[in-house]
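Observations on chain architecture
Take a look at the letters that make up each chain.
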Protein chains: 2
Amino acid sequence: MTNLAVVGGGVIGLATAWRVARTGRSVTLYDPEPARGGASWLAGGMLAPVTEAWPGEEDVLRLGEESLKRWPGFAGDLREEGVDPGLAGHGTLVVAFDSADAGHLDILAGHLHSLGRAAARLTGRAAKRLEPGLGSVRSGLHVPGDLAVDNRKLLQALYDACARRNVRFRRERVEELPAADAVVLAAGAWTGRLHPLLADAVRPLKGEILRLKPRRGCLPPPSHTVRAVVEGRPIYLVPRGDSELVLGATQYEAGFDQAVTARGVRELLEGAERVFPALTEYELTETAAGLRAGSRDALPYLGELDGGVFAATGHHRNGLLMAPVTADAVVAWLEGDEPPEGTAAASPARLHQKEHV
Amino acid sequence: MTNLAVVGGGVIGLATAWRVARTGRSVTLYDPEPARGGASWLAGGMLAPVTEAWPGEEDVLRLGEESLKRWPGFAGDLREEGVDPGLAGHGTLVVAFDSADAGHLDILAGHLHSLGRAAARLTGRAAKRLEPGLGSVRSGLHVPGDLAVDNRKLLQALYDACARRNVRFRRERVEELPAADAVVLAAGAWTGRLHPLLADAVRPLKGEILRLKPRRGCLPPPSHTVRAVVEGRPIYLVPRGDSELVLGATQYEAGFDQAVTARGVRELLEGAERVFPALTEYELTETAAGLRAGSRDALPYLGELDGGVFAATGHHRNGLLMAPVTADAVVAWLEGDEPPEGTAAASPARLHQKEHV
């Protein structure tokens, strides 16, 4: 297999195209608007598999941890290409407003310790010492090693790295699969339209996300990623240095609708103002909605669908986190090497099995 | 006075330029972005002096009523120019959530009756019959004769009418007064920079306003303009047919800052969802902030400042409403006719008097 077509120019498609182009293969990437326009462009950029994981999603956690291990090397390789991957290591602070939240933080802390990760339970007062702008929180969980990535910097870096490695960009929407020795389907929520096996397996998960800027005289954004659950809705605030705050994210099943709703914006602002009251005076610079690629079981589909056609989609909230392990898996498939740990569970072969849900 | 320079291309400047050009005078209008870019472009477009009036602002009310009387003729003249002024007569429904609000509606109703205007107090149930999408309101006041104008259509119409009457547009910011037989200063919140007498008399009053669109399956916008006070904050919902809803407006003293704030957006959405719950599923299509021109006493400044230099600014929330009376006043000054009733109280001569505040 000496030439590869990648369908989709989000983080998965770009990372795959770059990694494969480095092996000397000829790569063509198809996307009407590479880097921009998809879920990756809108994401918050947290690389935090544990604080993102939901109970029962152990396979997702394993794959996320595997990818997280690969992130520093992935970022280093990008730097070697002369581009800035936008990686930041500012850690996560998860805050609790009530005893149910606090119980959840105890479980998370135990989980992190069992993985050998540093994590400290904090009183409300200690959490406020760490982040003086917090509202009235009951307690917190500090995960100092959590990474975050500036998703827009990363996408630009991957795009530039692809260009340097002579990836050809075809700015078009793919209606039928391109002719190539191998094809990787990485079109996110739209991937279901490209292969019958994925037609009912990949669905759009709508998410709304806001971007804000501190105005003159405002408290700067928090120095950590701050997460919380407000009135049952998970919320995160991801700082981009002192100049921007990304606030996400809603999650709905709403088909391919990408309208920013009044409810979504209001709920995000209400929740975030409770977590970090100074935000009320921030400038709201962007409201946007995008479509994550949902799978049936929250694990992505990674593997061969049929002769030379591979799936690399269905990453839910985890596209940025799982880009390195996904791209490395594609390289392994093409080279005939052993794919990364955790990817076997994500094989699309499970789509042929009787559903156990 | 055979040639006129108008500084400012909002509704006041455009209406003035058009009206004066119709008298055969040569008119030049200065604005870097005529029609767009100012408070008029962002406005809700209610032409409702009574439901807008605050206690103690009788001069404002009188001037507003005088302009309202002129609105149908003004719109008719625009139609004769072959342009659409965007005038709609869908009436206003003011709703009350508590007994304090209800008492305020009683006073408004009495006031409207004393002016000979039709106005009906309604029970909550009757208000909901009129507008089935209303939330739990205690009572209402229906003012069927209230007008509204699609501000963006109007600005386009005025711009086109000016062009047909050979008004010259100079797309530039005015630093010093243009040479002309007469100059009208109508630069809204920025007018204070153009004349020393206005320097401390005109100030920016920031306002945030949102535009929303019903998504498929949503209840359409209300058929009336709906006004309410939610948690002490006045709010209005102005329908633009079935396809758009304008939601305004905050009011702050914030200098020349035009940032859309998290607080402003959140408060408008919270308030509007209480008034009209279906809005929660609407698409939020625009968030914007603009600067109204505030005066010291809520009355505009209309009249000569010194030899041949006239003020037409300081219209607060009432620029669209008061455009006809303002433009007619300018024509009267130039022609040496009697200016419209109510304009004498708005003379800038009051800036020389001792302040009684």
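Residues numbered from 1 in each chain as written. Chains lettered and ligands numbered in written order. Predicted model: local features only at pLDDT ≥ 70, side-chain atom pairs only at ≥ 80, totals over all residues. Heavy atoms only, no water.

- Labelled according to an unreviewed UniProt entry, chain A appears under the name glycine oxidase, originating from Amycolatopsis tolypomycina.
- The heading Catalytic activity (unreviewed entry) in the UniProt record of chain A holds the text "glycine + O2 + H2O = glyoxylate + H2O2 + NH4(+)". (UniProt positions renumbered as here; feature names shortened; annotations may be inferred.)

**Describing the overall build of chain A**
- Of the regular secondary structure elements, chain A holds nine helices and 17 strands.
- Radius of gyration (C-alpha) of chain A: 20 Å, near the 21 Å computed for a compact globule of 357 residues.
- Overall, chain A is about 60 × 45 × 40 Å in size when its C-alpha atoms are taken along their principal axes.
- In chain A, buried positions account for 60% of the 357 residues.
- Across chain A, the fraction of contacts at a sequence separation of at least 24, relative to all contacts at a separation of at least 6, is 75%.
- About 14300 Å² of surface is accessible on chain A, with carbon and sulfur atoms providing 48% of the total. (Helix = DSSP H or I, 4+ residues; strand = E, 2+ residues; numbered from the N terminus. Rg over C-alpha atoms; globule rule 2.2 N^0.38 Å. Buried < 20%, exposed > 50% of the residue type's maximum accessible area, 1.4 Å probe, protein only. Contact = heavy atoms within 4.5 Å. Areas by Shrake-Rupley, 256 points an atom, 1.4 Å probe, with all protein chains shown as cover.)

**Some points on the interface of chain A and chain B**
- Counting residues at the interface gives 20 residues for chain A and 20 residues for chain B.
- When chain A packs against chain B, the two sides together hide about 1700 Å² of surface, and 51% of this comes from carbon and sulfur.
- Where chain A packs against chain B, one counts six salt bridges.
- For Arg263(A), the salt bridge identified is with Glu281(B), shortest N-O distance 2.5 Å.
- Put simply, chain A and chain B have twelve residue pairs in polar contact (both at pLDDT 80 or more) between them.
- At the level of secondary structure, the elements contributing two or more residues to the side of chain A that touches chain B comprise β11 (203-213), α8 (262-275) and β15 (283-294) of chain A.
- The leading source of residues in the side of chain A that touches chain B is α8(A), at seven residues.
- A breakdown of the residues in the side of chain A that touches chain B according to their chemical character gives nine nonpolar, two polar and nine charged. (Buried area = accessible area lost by both parts, 1.4 Å probe. Salt bridge = Lys/Arg side-chain N within 4 Å of Asp/Glu carboxyl O. Polar contact = N/O pair within 3.5 Å; in protein donor to acceptor, adjacent residues only side chain to side chain. Nonpolar A, V, L, I, M, F, W, Y, C, P; charged D, E, K, R; others polar.)

**Some thoughts on the packing of aromatic side chains**
- Considering all chains together, one arrives at twelve aromatic pairs over all chains under this definition.
- Seen in terms of ring centroids, Trp190(A) and Phe256(A) are 5.9 Å apart; in terms of plane orientation they differ by 40°. Their pairing is tilted. Residue Trp190(A) is found in the loop between β10 (182-185) and β11, and its partner Phe256(A) is found in the loop between β14 (244-248) and α8; the two are separated by 66 residues along the sequence.
- Taking the relative accessible area as the measure of exposure, Trp190(A) reaches 25% and is therefore partly exposed.
- A connected cluster of aromatic rings, assembled from ring pairs, spans Trp18(A), Trp71(A) and Phe74(A).
- Seen from the ring of Trp18(B), Arg22(B) lies directly overhead, with NZ or CZ sitting 5.2 Å from the centre. (Phe/Tyr/Trp six-rings, centres within 6.5 Å; stacked < 30°, edge-to-face > 60°. Lys NZ or Arg CZ within 6 Å of the ring centre and 35° of its normal.)

**Focus on the relation of the copies chain A and chain B**
- Take chain A, turn it by 180°, move it 0.0 Å along the axis, and it overlays chain B with an RMSD of 0.0 Å. Interpreted geometrically, this transformation is the action of a two-fold axis. Judged by C-alpha distance, Arg266(A) is the residue of chain A that lies nearest the rotation axis, at 2.7 Å.
- A shared binding surface is used by both copies, with 100% of the interface residues of chain A retained as interface residues in chain B. (Least-squares fit on C-alpha atoms with pLDDT ≥ 70 in both.)

**Notes on the domain arrangement of chain A**
Residues and elements named next belong to chain A.
- For chain A, the domain assignment lists domain 1 (3-85 + 149-202 + 296-355) and domain 2 (88-146 + 204-294).
- Using C-alpha coordinates to define each centre, domain 1 is positioned 26 Å away from domain 2.
- Of the residues lining the interface, 30 residues belong to domain 1; the matching set on domain 2 comes to 30 residues.
- In this assembly, domain 1 packs against domain 2 so that about 2400 Å² is buried in total across both faces, 60% of it on carbon and sulfur atoms.
- Taken together, the links from domain 1 to domain 2 amount to three salt bridges.
- Notably, a salt bridge pairs Arg 152 with Glu 286, separated by 2.8 Å at the nearest N-O pair.
- At the boundary of domain 1 and domain 2, one finds eight residue pairs in polar contact (both at pLDDT 80 or more).
- Only α2 (39-42), β3 (46-47), α3 (49-52), α4 (58-80) and α7 (151-164) provide two or more residues apiece to the side of domain 1 that touches domain 2.
- By residue class, the composition of the side of domain 1 that touches domain 2 is 15 nonpolar, nine polar and six charged. (Domains from an automatic or database assignment.)

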